[in-house]
Amino acid sequence: MVNIDKHKVDFQCPNCNFYNSIQIKQARLRDVVICRGCKSNIRFDDQMNETRKAVRSIKRAMNELEETLKGMSFKIRI
Ligand SMILES: [Zn+2]
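With respect to the helices, strands and loops of the structure, aspartate 10 is situated in strand β1 (residues 8–12). Under the relative-accessibility criterion, aspartate 10 is labelled exposed at 57%. C-alpha of aspartate 10 to C-alpha of serine 21: the two residues are eleven residues apart in sequence and 4.2 Å apart in space.

In structure tokens form, the structure reads like this:
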């Protein structure tokens, strides 16, 4: 199983435009990120829980892929 939470996404600070990276988990939990450029606290405006929904649909797609592969028959080529 792929750990989506550990995946990192780059984003630009709205204050100083410095590029920071955030883990999906932090975005999902709406963590406050401290900008590495200007040290300001950046809070993700995810009122609609979009991150959570997106993570759920990725997980569902990964499960489907796994099931598809399991259902395939494998042939040995000599
Ligand atoms: Zn900044």
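Of the protein atoms, only Cys13 (SG), Cys16 (SG), Cys35 (SG) and Cys38 (SG) coordinate the zinc ion, at distances of 2.3 Å. Metal-centred angles of 102 to 114 degrees between the four donor atoms at the zinc ion mark the site as tetrahedral. Each donor residue of the zinc ion lies on the same chain, and together they follow the pattern C-x2-C-x18-C-x2-C. Highlighted residues: cysteine 13 in the loop between β1 and β2 (19–23) and cysteine 35 in the loop between β3 (32–34) and β4 (41–43), separated in sequence by 22 residues. Of the two residues, cysteine 13 and cysteine 35, neither departs from the other in class, the shared state being buried.

Moving on: unusual backbone geometry. Phi at asparagine 17 is positive, roughly 65 degrees, even though this residue is not glycine. Along the chain, asparagine 17 falls in the loop between β1 and β2. Overall, the relative accessible area of 49% leaves asparagine 17 in the partly exposed class. In the Ramachandran plot, lysine 39 falls in the positive-phi region, its phi being about 65 degrees despite a non-glycine side chain. With respect to the helices, strands and loops of the structure, lysine 39 is situated in the loop between β3 and β4.

The next subject is the pattern of salt bridges. Charged atoms that come close allow side chains of opposite charge to pair. For the structure on display, the rule yields three salt bridges. Between aspartate 5 and arginine 28 there is a salt bridge, with the nearest N and O atoms lying 2.7 Å from each other. In this pair, aspartate 5 is assigned in the segment before β1 and arginine 28 in helix α1 (residues 24–28), connecting sequence segments 23 residues apart. Each member of the pair, aspartate 5 as well as arginine 28, is classed as buried. Between glutamate 67 and lysine 70 there is a salt bridge, and its shortest N-O distance comes to 3.5 Å. Of this pair, glutamate 67 and lysine 70 are both found in helix α2 (residues 50–70), three residues apart, which corresponds to roughly one turn of the helix. Look at lysine 70 and you get exposed, because its relative accessible area is 59%.

Calculation notes
Residues numbered from 1 in each chain as written. Predicted model: local features only at pLDDT ≥ 70, side-chain atom pairs only at ≥ 80, totals over all residues. Heavy atoms only, no water. Helix = DSSP H or I, 4+ residues; strand = E, 2+ residues; numbered from the N terminus. Buried < 20%, exposed > 50% of the residue type's maximum accessible area, 1.4 Å probe, protein only. Donors = N, O, S within 2.8 Å, 3.2 Å for Na, K, Ca; no water. Tetrahedral: all angles 85-135°; square planar, octahedral: opposite > 155°, others 65-115°. Salt bridge = Lys/Arg side-chain N within 4 Å of Asp/Glu carboxyl O.

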